[in-house]
Number of protein chains: 2
Amino acid sequence: MRPLDEATARAWLATALEEARAGMAEGGVPVGAALYGADGALLGRGRNRRVQDGDPSTHAETAAFRAAGRQRSYRGTTMVTTLSPCWYCSGLVRQFGISRVVIGEAVTFRGGHDWLAEHGVEVVVLDDPECVAMMREFTARNPELWGEDIGE
Amino acid sequence: MRPLDEATARAWLATALEEARAGMAEGGVPVGAALYGADGALLGRGRNRRVQDGDPSTHAETAAFRAAGRQRSYRGTTMVTTLSPCWYCSGLVRQFGISRVVIGEAVTFRGGHDWLAEHGVEVVVLDDPECVAMMREFTARNPELWGEDIGE
């Protein structure tokens, strides 16, 4: 797999952030994600749709994965997400052999990314201040909705 | 949580099996699932829809979870599935605190159910011969499709 330079990681995170901001504007859970191919092409992007579609199964990462359509292999692909992936989304990454995860922030929520690293996934945490600020604002205003979205 | 008697477990598995059979008839991946509430009411049911909808994100368990709609808590619920849940679906169970998993068979594929048991989920494996036979027939005829569905 090609090494990931920080400029590319930040550019990819910008795609996920656009999704998260759109989710925030819709009154949804503001988490966005995008799946990039081994060649750097955008395969799919999406955002949490619990509120918008009444669909608890659509987290940002599963939305991006779905949008990418059927793929024979995920070797070399990168899942970019504004927030540390929960166990559901971490399981997605592990099961399908997605090679790398780029995470906007893991401060407001810490999911399964250490587990992924233990199982050979390359994990990059960017500590992006906009991602942190968006989640802080959202969770302060919507604690019940956020609890529902992570099963707590 | 109420203990689960075997007759109920088998009756719940029959719901998941109906979904799996329907998937088989549609040319899809024949895995079915159902989510039952703490009171024994059916909350949602579904099947793998990779082939039918071109949607790699819809495994049987995530389909049943979606069909159940938004729930504030999954305490006391049971996910019934014809096949041992993959990491993706095991992650779903763990993240949302689904209390119990009833599994038709774990012979043709062994997912993350031991991990779930380690994390406090009650796991019941039924060793159902119809579930085994259906997966054996499917994987023998469609090795590529099955590999795609589990990222191998």
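Residues numbered from 1 in each chain as written. Chains lettered and ligands numbered in written order. Predicted model: local features only at pLDDT ≥ 70, side-chain atom pairs only at ≥ 80, totals over all residues. Heavy atoms only, no water.

In the annotation of an unreviewed UniProt entry, chain A is listed under the name Cytosine deaminase and assigned to Streptomyces griseorubens.

This paragraph deals with the environment of S73(A). All names here are of chain A. If you trace the backbone, S73 turns up in the loop between α3 (60-67) and β3 (78-83). Sequence separation between S73 and I98 is 25 residues, and the spatial gap between their C-alpha atoms is 8.5 Å. A polar contact is formed between the side chain of S73 and the backbone nitrogen of R75, at a distance of 3.1 Å. (Helix = DSSP H or I, 4+ residues; strand = E, 2+ residues; numbered from the N terminus. Polar contact = N/O pair within 3.5 Å; in protein donor to acceptor, adjacent residues only side chain to side chain.)

As a further point, take the interface of chain A and chain B. Frequently, the measure chosen for interface size is the accessible area removed from exposure when the parts meet. Facing the 33 residues of chain A at the interface are 33 residues of chain B. For the pairing of chain A and chain B, the buried interface totals around 3000 Å² over both sides, and the portion due to carbon and sulfur atoms is 54%. Summed over the three residues of chain A that lose the most area to chain B, namely R70(A), R72(A) and Q95(A), the buried surface amounts to 25% of that side. Notably, a salt bridge pairs E148(B) with R70(A), separated by 2.7 Å at the nearest N-O pair. By residue number, the principal contributor to the side of chain A that touches chain B is helix α4 (residues 87-96) of chain A, which donates 7 residues. In terms of residue class, the side of chain A that touches chain B is made up of 13 nonpolar, 10 polar and 10 charged. (Contact = heavy atoms within 4.5 Å. Buried area = accessible area lost by both parts, 1.4 Å probe. Salt bridge = Lys/Arg side-chain N within 4 Å of Asp/Glu carboxyl O. Nonpolar A, V, L, I, M, F, W, Y, C, P; charged D, E, K, R; others polar.)

The next point concerns the UniProt feature "domain: CMP/dCMP-type deaminase" (unreviewed entry) in chain A. Per the UniProt record, "domain: CMP/dCMP-type deaminase" (unreviewed entry) is found at residues 7-123 of chain A. From the first C-alpha to the last, residues 7-123 of chain A spans 16 Å; its make-up is 40% helix and 21% strand. (UniProt positions renumbered as here; feature names shortened; annotations may be inferred.)

Turning our eyes to something else, we now look at the relation of the copies chain A and chain B. Its rotation angle being 180°, the transformation that places chain A on chain B also includes 0.0 Å of axial translation and leaves an RMSD of 0.0 Å. One copy is carried onto the other by what is essentially a two-fold rotation axis. Ranked by how close their C-alpha atoms come to the rotation axis, the residues of chain A are headed by G91(A), at 2.5 Å. A share of 100% of interface residues in chain A that are also interface residues in chain B marks the association as one of identical surfaces. (Least-squares fit on C-alpha atoms with pLDDT ≥ 70 in both.)

Our next topic: helix α6 (residues 129-141) of chain A. Residue and element names in this part refer to chain A. A rise of 1.5 Å per residue sets the reference length of α6, with its 13 residues, at 18 Å; its end C-alpha atoms lie 18 Å apart and thus fit the reference within 8%. Among the residues of α6, those classed as buried are C131, V132, M134, M135 and F138. All buried residues of α6 fall inside an arc of 165° around its axis, so they share one side. Opposite the packed face of α6, turned more than 90 degrees from it, sit the exposed residues P129, A140 and R141. For α6, the elements touching its buried residues are α1 (6-25), β3, β4 (100-105) and α7 (143-149). Where α6 begins, one side-chain oxygen reaches toward the backbone nitrogen of E130, 3.1 Å away; that side chain belongs to D128. (Expected span 1.5 Å × (residues − 1). Buried < 20%, exposed > 50% of the residue type's maximum accessible area, 1.4 Å probe, protein only. Arc of directions from axis to C-beta.)

The next thing to look at is the sheet that holds strand β2 (residues 42-47) of chain B. Note: strands within a sheet are paired through backbone hydrogen bonds, in either parallel or antiparallel orientation. All names here are of chain B. Spatial ordering of the open sheet is given by β2-β1-β3-β4-β5, a layout of 5 strands whose pairing is mixed. Each having just a single partner strand, β2 and β5 (122-125) make up the two edges of the open sheet. Strand after strand, the sheet turns through a mean of 15° between neighbouring axes, direction not considered. Here 5 bridges tie strand β3 (residues 78-83) to strand β4 (residues 100-105), and the two strands are oriented parallel to one another. Its bridge partner being in β4, T78 is matched across the sheet by R100. Lying over the sheet, helix α1 (residues 6-25) contacts β1 (32-36), β2, β3 and β4, oriented at roughly 50° with respect to β3. The strands that helix α3 (residues 60-67) touches are β1, β2 and β3; relative to β2, the one it contacts most, it runs at about 140°. (Pairing = 2+ DSSP bridges. Axes fitted to C-alpha atoms, helices over the stretch in contact; angles between N-to-C directions.)

Glancing now at the confidence of the model for chain A. Residue-level pLDDT values for chain A average 97, and 100% of them are 70 or greater. On the interface metric, ipTM, the complex scores 0.97, and its pTM is 0.98. (pLDDT = per-residue confidence, 0-100.)

What follows concerns the sheet that holds strand β5 (residues 122-125) of chain A. Residue and element names in this part refer to chain A. Ordered by their spatial adjacency, 5 strands build an open sheet running β2-β1-β3-β4-β5, and the pairing between neighbours is mixed. Looking at which strands have only one partner, the edges of the open sheet turn out to be β2 (42-47) and β5. Between one strand axis and the next, the sheet turns through 15° on average, direction left out of account. In this fold α1 packs onto β1 (32-36), β2, β3 and β4, with an angle of close to 50° to the strand it touches most, β3. Against the sheet, α6 makes contact with β3 and β4, and its axis sits at roughly 65° relative to β4, the strand it touches most.

In this section: the packing of α3(B) against helix α4 (residues 87-96) of chain B. Two quantities define a packed helix pair, namely the angle between the axes and the distance from one axis to the other. All names here are of chain B. Interaxial distance between α3 and α4 falls to 8 Å at its minimum, and their mutual angle equals 35°. Between α3 and α4, the contacting residues are E61, T62 and F65 on the first element and Y88, C89, L92 and F96 on the second. Looking at side-chain class alone, the contact of α3 with α4 contains 5 nonpolar, 1 polar and 1 charged residues.

All names here are of chain A. For the structure shown, the criterion picks out 32 salt bridges over all chains. The partner of D128 in a salt bridge is R10, with the nearest N and O atoms 3.8 Å apart. Of this pair, D128 sits in the loop between β5 and α6 while R10 sits in helix α1, and the two are 118 residues apart along the sequence. Overall, the relative accessible area of 32% leaves R10 in the partly exposed class. Through salt bridges with shared partners, one network takes in E18, E19, E26, R45 and R47.

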